[in-house]
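Architecture at a glance
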Amino acid sequence: MSLIILTSAHRLRSACRLQRIQGHMMSTKAGSEVLFEKVGNAGVITLNRPKALNALNLTMIRHIYPQLKNWDKDSETDLVIIKGAGEKAFCAGGDIRAVTEAGKAGDSLAQDFFREEYILNNTIGTYQKPYVALIDGITMGGILKEQFEGVGLSVHGRFRVATEKTLFAMPETGIGLFPDVGGGYFLPRLQGKLGLFLALTGFRLKGRDIQRVGVATHFVQSDKIVSLEKDLIDLKSPSNSDVAQLLDSYQEQSSLDAEKPFVLQEQTEAIDRLFSAGSVEEIMENLKRDGSAFALKQTETLAKMSPTSLKLTFRQIQEGARMSLQEVLVMEYRLSQACMRGHDFYEGVRAVLIDKDQSPKWKPSTLSGVSEQAIEECFSSLGERDLKL
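Analysis parameters
- Residues numbered from 1 in each chain as written.
- Predicted model: local features only at pLDDT ≥ 70, side-chain atom pairs only at ≥ 80, totals over all residues.
- Heavy atoms only, no water.
- Helix = DSSP H or I, 4+ residues; strand = E, 2+ residues; numbered from the N terminus.
- Buried < 20%, exposed > 50% of the residue type's maximum accessible area, 1.4 Å probe, protein only.
- Pairing = 2+ DSSP bridges.
- Phe/Tyr/Trp six-rings, centres within 6.5 Å; stacked < 30°, edge-to-face > 60°.
- Core = buried A, V, L, I, M, F, W, Y, C linked by side-chain atoms within 4.5 Å.
- Contact = heavy atoms within 4.5 Å.
- Polar contact = N/O pair within 3.5 Å; in protein donor to acceptor, adjacent residues only side chain to side chain.
- Salt bridge = Lys/Arg side-chain N within 4 Å of Asp/Glu carboxyl O.

1. Topic: the overall build of the protein
If you tally the helices and strands in the protein, you get 18 helices and 10 strands. Within the protein, the proportion of its 389 residues that are buried is 54%.

In structure tokens:
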């Protein structure tokens, strides 16, 4: 009798937990959480969750995707602008706690979220009309703000406008994930070994530096963004070159921090030299052998990261350099599901977000403990469950 009571209670708790997960990831308030306006011949998307740093949930993705498709076909829509409400963030991502809970519960939402966000990333990357992301705040591919999708909404678009408030980071290796949302496509295309460095270490870039490395196409001072948006909307049947010309003119008017050197200017040569290696272990050896203050700091940073994530990310960046965006997203969907099956993602979220002890217990705990076979399996085809674009 007691066994039946316990089982029923367990089922009730599981059902309630699953309802919470689904409610969190598929909020019915998407009508207010993402706003769509037609202003003249411009389609304007506003991510409207400022208290949550404009974090995406699955329902928001399911609203944005068809709207982009409709505007692409609409002869009276000439360009699309995407921005974030509030002063703190463009988009710091989707709610990763919900993904974690769904993955633990074996719920299909963990698959759906990654699949549908990657399809959205591809739509943005292949968009035919001018697509302008006004990134006036935080945009992350990682977990620092409990979210992980903002980069995918911006970096694949043709025009990405950063301001002095913009913060960019891909810190996923610190929570047992990898720089997804197409990170395997755009990171290896940055100059030298900078993309690999950013992917492995989660190093943060701010303001004008984001444009200097090519993650953003333009830098415009924050106090000019409202005026820029108005001028974009006023363009008549603009071509990509018309939009580029307007953005160039605003960048020329934005002198803030122009004299300030690139934050990694003195380390660029060292990054290219130290991160030119055939494996993560070789990078670690290079850093230890170098012995400079910069190298030792990177050694300390990498020692905190998930060894599995570091190896996944290293290969992801290697493979992605030779792939199309579509091929990269298919690869990354496989990796996302491997992380959902594994240990480190859940442990990383626990340590960074839930218990906040910042002391994850990785399994395996060393780079040597992560076998090539284990990494190979993460990149293996999912057959019928592979991402289809």
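2. With respect to the sheet that holds strand 1 (residues 34-39)
Sheet strands associate in pairs through backbone hydrogen bonding, adopting either a parallel or an antiparallel arrangement. Strand order in the open sheet formed by six strands is 1-2-3-5-7-10, and the pairing between neighbours is mixed. What marks the edges here is a single partner per strand, and that holds for strand 1 and strand 10 (218-219). Alignment of strand 1 against strand 2 (residues 42-47), held across six bridges, turns out to be antiparallel. For Leu35, the partnering residue across the bridge sits in strand 2 and is Thr46.

3. A short note on the packing of aromatic side chains
Applying the stated rule across the entire model yields 10 aromatic pairs. Geometrically, the ring pair formed by Phe197 and Phe275 is edge-to-face, given 5.4 Å between the ring centres and 90° between the ring planes. Here Phe197, found in helix 8 (residues 194-201), pairs with Phe275, found in the loop between helix 12 (268-274) and helix 13 (280-290); they are 78 residues apart in sequence, far enough to count as distant. As far as burial versus exposure is concerned, Phe197 and Phe275 are alike and both buried.

4. Describing the nonpolar core
Ranked by size, the top nonpolar core spans 90 residues in total, and within it Leu68, Phe168, Phe275, Ile283 and Phe345 carry the most contacts. Ranked by residues supplied to this core, first place goes to helix 16 (residues 325-341) with 10 residues. Excluding residues within four positions of it along the chain, Phe275 makes contact with Lys193, Leu196, Phe197, Leu200, Thr201, Ala270, Ile283 and Leu287. Residues Leu79, Ile81, Val220 and Ile233 belong to the second largest nonpolar core, which totals 17 residues.

5. Structural notes on the pairing of strand 3 (residues 79-84)
Pairing between strand 2 and strand 3: six bridges, direction parallel. Bridged to Ala42 within strand 3 is Leu79. Here strand 3 runs beside strand 5 (residues 131-135); their pairing, made up of three bridges, is parallel. Bridge pairing links Ile81 to Val132 in strand 5.

6. Here we look at the environment of Ala42
With respect to the helices and strands, Ala42 occurs in strand 2. According to the relative accessible area criterion, Ala42 is buried, its value standing at 0%. Once the C-alpha coordinates of Ala42 and Glu229 are considered, the two residues, 187 residues apart in sequence, prove to be 10.0 Å apart. In this view, Ala42 contacts Glu37, Leu79 and Ile233; residues no more than four positions away in its chain are not counted.

7. Digging into the side chain of Glu347
In this fold, Glu347 is placed in helix 17 (residues 344-354). For Glu347, a relative accessible area of 12% translates into the label buried. At a separation of 2.8 Å, a polar atom in the side chain of Glu347 contacts the side chain of Arg350. When residues no more than four places from it in sequence are discounted, the contact partners of Glu347 are Ser359, Pro360 and Lys361.

8. With respect to helix 17
Where burial is concerned, most of helix 17 is hidden: eight out of the 11 residues are buried. Within helix 17, burial applies to Asp344, Phe345, Tyr346, Glu347, Gly348, Val349, Ala351 and Leu353. Against the buried residues of helix 17 lie helix 4 (96-105), helix 15 (307-320) and helix 16. In the segment just after helix 17, Lys356 is the residue with positive phi, at about 55°.

9. With respect to the pattern of salt bridges
One pass over the structure, following the stated rule, counts 17 salt bridges. For Glu269, the salt bridge is made with Arg273, and the minimal N-O distance between the two is 3.0 Å. Linking Glu269 with Arg273, this pair stays in helix 12, spanning four residues, or about one helical turn. Note on Arg273: relative accessible area 41%, which makes it partly exposed. Through salt bridges with shared partners, a single ionic network connects Arg315, Glu319, Arg322 and Glu376.

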